[in-house]
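Chains, contacts and geometry: an overview
Listed below are the residues making up each chain.
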Amino acid sequence: MADERNGMAITGNRRMTEALFLVLSAFVLMMLSTRSSFLYPCNDWNDANSYFSVGKALFHGKMPYRDVFDQKGMYLYFFYGLAYLISHTTFIGVFFMEVILAAFDLFGICRILQLYVKRSTALLLSPLVLAVTVSSYSFYWGGSAEEVILPFLIWGLYFSLDYFKNKYPCKKMEWKVIFINGLLAGMVANIKFTSLGFFFAWMMCAAFSFLVKKDFGDAVKGCMIFLLGMAVPFVPWVIYFGINHGLYEWYWGYVYINVFVYSNLNGEGPDLYERVYTLSKLLYWVIRKNMIYFVFLIPGVLWDLSGRKKWLERFNLLALCFFLFLGIYVGGSELPYYALPLSVFTVQGFGLLGHVSERLFAAIRNRKKTDGRERAASGSPVMTGSAWSNPGMGFAAGAVAMALGMGIIFTNSMNISHMQEKKEDIFLYKFKKIVEQTPAPTLLNIGCLDAGLYTVCDIVPSCRWFQTQTLGIDDVLKEQERYIREGQVSYVLARDSYPDVIWEKYELAGEEPWHQGEQEFTYYLFRRRA
């Protein structure tokens with residue numbers, strides 16, 4: 001009994017150490033890779049600041065879509081709102097949010113790798129998978145909606161691969177697994193629904209696992225349980241918008257705008273041939289731009305499809321890849337960070353790497369054993385044991401894995417050079433000094449998405465169209481011009497151009513250039529005349 005308790009304690013301590021290693025890896029790797037980190041002066045990416053401003057407004061009693069407009073899902077704004085509670089004027093709260101998400105990424109990655117390699121190998125490879133992902137072009141500046149949904153996709157991938165590799169066809173998929181993955185799909189649906197193609201494929205293959213056994217009833221039951229789980233994350237927002245009489249605004253701002261305005265799925269887009277051609281070109285450029293993880297992803301997926309596999313196991317992986325890509329890009333829009341969810345399959349490449357490494361080391365060990373027996377027979381000294389039997393070697397191996405991950409980020413991330421920037425040189429902080437001269441200032445951002453002045457000045461948006469959306473809606477510019485004509489805000493931040501009507505009630509208070517790579521803009525700050 002005592003030996004059993006000691007064994008359980010050792011196992012518990014080992015798992016705690018492993019968990020701490022993964023959490024520490026998440027912290028260190030995100031500290032280097034995201035501009036939300038304290039190592040960077042600020043994260044002035046428009047999209048991330050827009051999410052932060054809407055999350056801030058949500059926690060100040062304003063309703064997204066109706067009172068402040070942006071077209072992402074509610075959990076994204078809720079998470080950013082929680083980050084705002086940690087720090088009102090910096091992204092340190094967003095950084096901790098990203099670390100938590102990355103930790104969940106790593107736990108899921110480690111579980112997937114254990115389907116292919118030993119537990120110790122999986123632990124050492126997991127930080128490298130994350131490092132490759134966050135140093136890619138599609139990770140962008142950090143804080144994207146795609147980054148937020150990544151752990152939900154990773155865990156969905158784990159449950160799917162685990163079932164089709166280890167349990168199908170001997171066992172039916174458990175109802176609780178289907179329900180849990182419905183929950184994951186519901187979260188993705190309420191963050192950015194373009195990645196739902198992944199979970200469409202997930203449930204389709206789960207249904208096929210019942211149908212191939214001619215179990216039509218359980219296939220239908222599984223779909224219903226999945227949809228029930230998917231509905232659960234919607235419940236808080238149905239209640240929230242229902243109480244505030246905003247259900248239509250929720251639908252219009254999140255579903256209608258994204259499907260019928262932001263995409264080309266409104267019947268006026270390209271025909272089927274042109275769409276297939278466009279998607280093929282997109283895939284080519286996505287691979288070129290993100291070669292750092294596709295160099296692992298492509299051989300890893302091909303390897304996972306090879307060998308003596310059940311046909312549905314092969315089809316499952318192909319369907320997950322295909323429908324995830326299709327859901328993201330079928331609407332015709334393409335931006336650098338859209339590709340990040342595709343990195344979920346990078347883990348297959350590291351599974352291949354780990355598999356090859358384990359076989360190689362096994363061959364070396366067997367050779368050493370043979371040589372050792374020969375030396376023993378001849379009276380030569382023999383080294384016994386293994387370096388890995390020493391617990392200290394485990395820590396050393398973990399440190400090496402983390403160092404390799406850091407090296408990957410330092411040599412590949414587009415963000416590293418921005419650590420050298422100083423706050424006093426960034427236009428936001430120059431404009432902040434001007435804005436702070438006005439008690440309780442209000443602001444309007446025109447010509448682009450939220451440039452970050454709402455964040456650094458801790459201003460809650462007071463207008464519905466508080467920023468200029470990349471949407472084909474005439475009302476946006478007309479409404480913003482009305483705000484200016486009526487002098488509704490203390491300050492107007494404009495990028496590159498501004499309406500002539502602004503001179504009626506505002507004066508130029510500041511002008512600063514901004515450049516990012518080949519992009520160059522000029523920001524103008526206008527102050528309302530006294």
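The sections below set out a description of the structure shown in this document. (Residues numbered from 1 in each chain as written. Predicted model: local features only at pLDDT ≥ 70, side-chain atom pairs only at ≥ 80, totals over all residues. Heavy atoms only, no water.)

Looking now at the pairing of strand β3 (residues 506-516). Across ten bridges, β3 lies against strand β4 (residues 519-528) in antiparallel orientation. Across the sheet, the residue bridging to Y506 is R528, located in β4. Adjacent in sequence and paired antiparallel, β3 and β4 are bridged by two residues, among which G517 carries a positive phi angle near 65°. (Pairing = 2+ DSSP bridges. Helix = DSSP H or I, 4+ residues; strand = E, 2+ residues; numbered from the N terminus.)

Sheet architecture is open: four strands sit in the order β1-β2-β4-β3, paired in mixed fashion. The strands lining the two open edges of the sheet, one partner per strand, are β1 (443-446) and β3. The sheet shows a mean angle of 15° between the axes of neighbouring strands, taken without regard to direction. As judged from the five bridges shared by strand β2 (residues 491-495) and β4, these two strands associate in the antiparallel manner. The residue of β4 that forms the bridge with R495 is Y523. Its contacts with the sheet place helix α17 (residues 427-435) against β2, β3 and β4, and it is angled at close to 165° to β3. (Axes fitted to C-alpha atoms, helices over the stretch in contact; angles between N-to-C directions. Contact = heavy atoms within 4.5 Å.)

A word on helix α13 (residues 291-305). Taking 1.5 Å as the rise per residue, α13 with 15 residues should run 21 Å; its terminal C-alpha atoms sit 21 Å apart, in good agreement. Buried within α13 we find I292, Y293, F294, L297, G300, V301, D304 and L305. When α13 is viewed along its axis, its buried side chains cluster within an angular range of 150° and face the same direction. Where α13 terminates, the next one or two residues include G307, which has phi positive at roughly 80°. (Expected span 1.5 Å × (residues − 1). Buried < 20%, exposed > 50% of the residue type's maximum accessible area, 1.4 Å probe, protein only. Arc of directions from axis to C-beta.)

A few words on the state of the cysteines. Summed over the entire model, instances satisfying the criterion amount to zero disulfides. Free of any disulfide, C205 has its nearest neighbouring cysteine sulfur in C321, separated by 11 Å. The exposure class assigned to C205 is buried, which follows from its relative accessible area of 0%. Assessed through its relative accessible area of 19%, C321 is described here as buried. (Disulfide = S-S within 2.5 Å.)

Remark: helix α6 (residues 145-166) packs on helix α7 (residues 175-189), axes separated minimally by 9 Å, with the N-to-C direction vectors making an angle of 155°. Classified by the interaxial angle, the pair formed by α6 and α7 is roughly antiparallel. Where α6 crosses over α7, the two elements pack in a sense that is left-handed. Contact with α6, carried on its side by I149, F152, W155, G156 and F159, involves V177, I180, N181, L184, M187 and V188 of α7 and no other residues of that element. Tallied by class, residues from the contact of α6 with α7 come to nine nonpolar, two polar and no charged. (Parallel < 35°, antiparallel > 145°, perpendicular 65-115°, else oblique. Left-handed = near helix turned anticlockwise from the far one by under 90°. Nonpolar A, V, L, I, M, F, W, Y, C, P; charged D, E, K, R; others polar.)

Below, the discussion takes up the packing of α13 against helix α14 (residues 311-329). Close contact between α13 and α14 brings their axes to 9 Å; oriented N to C, the two are set at 150°. The orientation of α13 relative to α14 falls into the category roughly antiparallel. For the pair α13 and α14, the contacting residues are V301, D304 and L305 in the first and R314, L317, L318 and C321 in the second. Of the residues that constitute the contact of α13 with α14, the class distribution is five nonpolar, no polar and two charged.

This brings us to the environment of L312. Relative to the helices and strands, L312 is located in helix α14. Apart from residues lying up to four places away in sequence, L312 is in contact with F164, Y168, C205, F208 and S209.

Both the distance between ring centres and the angle between the ring planes are used here to describe each pair of aromatic rings. In this structure the tally under the stated criterion is 58 aromatic pairs. Relative to F350, the ring of F296 has its centre 4.3 Å away and its plane inclined at 25°; by these criteria the two rings are stacked. Of the two residues, F296 sits in helix α13 while F350 sits in helix α15 (residues 346-377), which places them 54 residues apart along the sequence. Since its relative accessible area comes to 25%, F296 is described here as partly exposed. Note on F350: relative accessible area 2%, which makes it buried. Relative to F315, the ring of W311 lies with its centre 6.4 Å away and its plane at 50°, an arrangement referred to as tilted. Taken as a pair, W311 and F315 lie in helix α14 at a separation of four residues, close to a single helical turn. A connected cluster of aromatic rings, assembled from ring pairs, spans F59, Y65, Y75, Y77, F78, F79, F234, W237, Y240, F241 and W250. Positioned above the aromatic ring of W141 is the side chain of R35, whose terminal nitrogen or guanidinium carbon lies 3.8 Å from the ring centre. (Phe/Tyr/Trp six-rings, centres within 6.5 Å; stacked < 30°, edge-to-face > 60°. Lys NZ or Arg CZ within 6 Å of the ring centre and 35° of its normal.)

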